[in-house]
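Structural features, examined
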Amino acid sequence: MMRDYKFCMRGSSSRRAPNRRSRRSLRLGFLAVAAGISYALIQVVTSGFQDPTAASQAKNPKIIERPLSPNLNQETRTPDASPSRQAERQGSQALAIPLNISHPLQGAHPQRLSQFKQRPSTTNALYDPLGIDPLRLPDLPELSTANPASFVLQLNAPTTTLAAIKPPPTLSRGPFRLDYQVQAGDTLGTILQSQGLPSDMVYQILGGLSDQQRQRLTRIRPGETIQLNLDETLQLSSLKLKLNATKRLLVYRANDHISAKVEAVATEPRRQCLTAVVKNSLYNAAKNAGIPDQVTQGAINLFRHQINFARQTRKGDQISVLFEQIYADDQPIKTGPVLAVEITNGNKQYAAVRYTTSKGITDYYSTDGQPLNKSKYSFLRRPLKYTRISSRFSNSRRHPILGRVRPHTGVDFAAPSGRRVVAAADGRVHFRGLKSGYGNLVILRHGSRYETRYAHLMRFATGLSQGSQVKRGQTVGYVGQTGLATGPHLHYEIRINGTPVNPLTAKLPFLNEFDDSEKARFRRETKPLLVELQRNKNQSLLVDARGFDQTDDRLPAPNGETLQ
């Protein structure tokens, strides 16, 4: 067994002998030092035998002209060229290379550029192939990005120069508008200075703003657009910065003073009609056709009671929607309501149109004027969350308090005291108060034929008074046991032409049926929407059948007319 260290005793001391690995490391170290010393000696010896001609060339280097790039179609200059070739070269025409200065704001207010020189360290890639000395370039005159100038490289002159052609006259009078897109590192001061405005203009603008407006204007972000409006003398007349989709900050000059205000951006609704044909999924088809997800979901919700979209959607089904897009400054900011929709599911078609009645009620209706959700316009059979039915409708019932047999003209719903009671349908308050055995009673009239009663209430809803209008589902009172009652419950009645009916079994009327005048108004206002929806659908399907990439505004309609 080999040990790493061996100790041997000599007198009273001990020493540690190196092992095999340590001896190898020492040997390699000595070899490296010896190699370095040898290399140094060789360099010292060879330096004494330097060629004297090389030393003279180092002191007086020979200047060799660099040849032009072959792409420039020029002769290569060599030291031993003949005099005839040199004369021919001097008489040749100048090589013109136009260099256009462009800028994203080309055509806007003149932007002043300071005089500059190209540094050799950053321009070797440009000048070396041409044999140009960057240090001998002359100063360039002031330039305007509104009127870009062209430059010519003259290579036949004794000294290569970069001469500027005189630019065309710049814009000297306004007014005009400039939309500047903020770049990284821009500030309001640098933007105004780049347009030739005075440097102290930014202080005048910020001085006329509130703290919140000043903070917003000093924290502009890349990608935002600042609108600058200049007057006839090229002075700033107003500045606009968009705050959000519907508001913008307006800074303007009035009587030599800077003022600011937040103004609303004018919005404009525009109609858009799109059609999609299902291939594998309704959502994917609508998305590929450009229909917003919000519009697709709204269309599906309209027919969720008629169509099971999870199982009944199949290949070849169609969806056509007419909806509004809200625009501000010619840019869409949000999606408006669905105006009309038509869905083809198999061999069945379902259509709906948005309509506002003469009473101001907006809802979706079928093409014959029937609301899609009829339950919204029918009577509630149970106008509260009850525990149980304690007494049903009967023509002969023994009264628990009076002990006499008498008709019970309603249904009693047992519920805890204070439970909310709502209106069964839209109507008007005909009576509100205390009435004999009913206790606290609310009577609602629904048109001229229908009436509902809510009895034994603990108290009435706040703001409920005789003659006030109520909506279906609106609170009218709270469960109690006032009047002739043995416990907290609601006595609920429905009367048609003054005759009580059973609220649980009676055939309840539909309260939103249109009369003749309303039907005529419905047809008159919804017909343009349905015609536009059908025409766009036919046009889209015809284009899809022909395999066109985009629709043609003058495709023939099925009836032979021309679609405009």
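It should be emphasised that the depicted structure is a prediction, and the values quoted were computed from it without experimental measurement.

A few points about the overall build of the protein chain
The number of helices and strands found in the protein chain is 10 helices and 28 strands. Counting all 564 residues of the protein chain, 35% fall into the buried class. Accessible surface, the protein chain as shown: approximately 35800 Å² in total, 49% of it carbon and sulfur.

Examining the packing of aromatic side chains
Summed over all chains, the structure comprises 10 aromatic pairs. Ring centres of Tyr386 and Phe413 lie 4.9 Å apart, and the angle between their planes is 50°; on these two criteria the pair is classed as tilted. Here Tyr386 is found in the loop between strand 16 (362–365) and strand 17 (388–391), whereas its partner Phe413 is found in strand 20 (residues 411–414), with 27 residues between them in sequence. Judged by its relative accessible area of 29%, Tyr386 is partly exposed. In this structure an aromatic cluster arises from ring pairing among Tyr355, Tyr365, Phe514 and Phe522. When the ring centre of Phe431 is taken as reference, the NZ or CZ atom of Lys435 above it lies at 6.0 Å. Here Arg459 stacks its cationic end above the ring of Tyr478, 4.2 Å away from the centre of that ring.

Description of the side chain of Arg495
With respect to the element layout, Arg495 can be found in strand 27 (residues 489–496). Using a relative accessible area of 16% as the deciding quantity, one classes Arg495 as buried. Here Glu493 takes part through its side chain, which lies 3.0 Å from a polar atom of the side chain of Arg495. If near-sequence neighbours (up to four positions away) are discounted, Arg495 is found in contact with Thr409, Tyr438, Arg449, Tyr450, Glu451, Arg453 and Pro500.

Quick notes on the pattern of salt bridges
A complete count under the given rule lists 15 salt bridges for this structure. A salt bridge links Glu518 to Arg521, with the nearest nitrogen and oxygen atoms 3.7 Å apart. Of the two residues, Glu518 and Arg521 both sit in helix 10 (residues 516–546), 3 residues apart, roughly one turn of that helix. Residues participating in the shared-partner salt-bridge network are Arg216, Arg221 and Glu224.

Focus on the nonpolar core
Val421, Val442, Leu444, Tyr454 and Val476 are the most contacted members of the largest nonpolar core, which totals 29 residues. In terms of nonpolar packing, the next biggest core, distinct from the first, is built from 25 residues, Leu188, Met201, Ile205 and Ile220 among them.

Observations regarding the side chain of Glu263
Along the chain, Glu263 falls in strand 11 (residues 257–264). If we skip the residues at most four places from it in the chain, Glu263 touches Lys240, Thr246, Lys247, Arg248 and Leu250.

Focus: helix 9 (residues 293–302)
Burial in helix 9 covers these residues: Val295, Thr296, Ala299, Ile300 and Leu302. Buried residues of helix 9, viewed axially, fall in a sector of 155°; they line one side. Its buried side turned inward, helix 9 meets helix 8 (282–288), strand 13 (318–328), strand 14 (331–345), strand 15 (348–356) and strand 16.

As for a nonpolar patch on the surface
Residues Val33, Ile37 and Leu41 make up a contiguous nonpolar surface patch of about 300 Å² in total accessible area. Along the chain, the position of Ile37 falls in helix 1 (residues 20–47).

Here we look at the sheet that holds strand 7 (residues 176–181)
Whenever strands of a sheet pair, they do so through backbone hydrogen bonds, lying parallel or antiparallel. If you walk across this open sheet you meet the 5 strands as 7-8-9-10-11, and the pairing is antiparallel. A strand with exactly one partner marks an edge of an open sheet, and here the two such strands are strand 7 and strand 11. The average angle at which neighbouring strand axes cross in this sheet is 20°, direction not considered. When strand 8 (residues 225–230) meets strand 9 (residues 236–242), the two strands line up antiparallel, connected through 5 bridges. Of the residues in strand 9, the one forming a bridge with Leu228 is Leu239.

What counts, and where the lines are drawn
- Residues numbered from 1 in each chain as written.
- Predicted model: local features only at pLDDT ≥ 70, side-chain atom pairs only at ≥ 80, totals over all residues.
- Heavy atoms only, no water.
- Helix = DSSP H or I, 4+ residues; strand = E, 2+ residues; numbered from the N terminus.
- Buried < 20%, exposed > 50% of the residue type's maximum accessible area, 1.4 Å probe, protein only.
- Areas by Shrake-Rupley, 256 points an atom, 1.4 Å probe, with all protein chains shown as cover.
- Phe/Tyr/Trp six-rings, centres within 6.5 Å; stacked < 30°, edge-to-face > 60°.
- Lys NZ or Arg CZ within 6 Å of the ring centre and 35° of its normal.
- Polar contact = N/O pair within 3.5 Å; in protein donor to acceptor, adjacent residues only side chain to side chain.
- Contact = heavy atoms within 4.5 Å.
- Salt bridge = Lys/Arg side-chain N within 4 Å of Asp/Glu carboxyl O.
- Core = buried A, V, L, I, M, F, W, Y, C linked by side-chain atoms within 4.5 Å.
- Arc of directions from axis to C-beta.
- Patch = residues over 30% accessible without salt bridge, like charges linked within 9 Å, V, L, I, M, F, W, Y side chains within 5 Å.
- Pairing = 2+ DSSP bridges.
- Axes fitted to C-alpha atoms, helices over the stretch in contact; angles between N-to-C directions.

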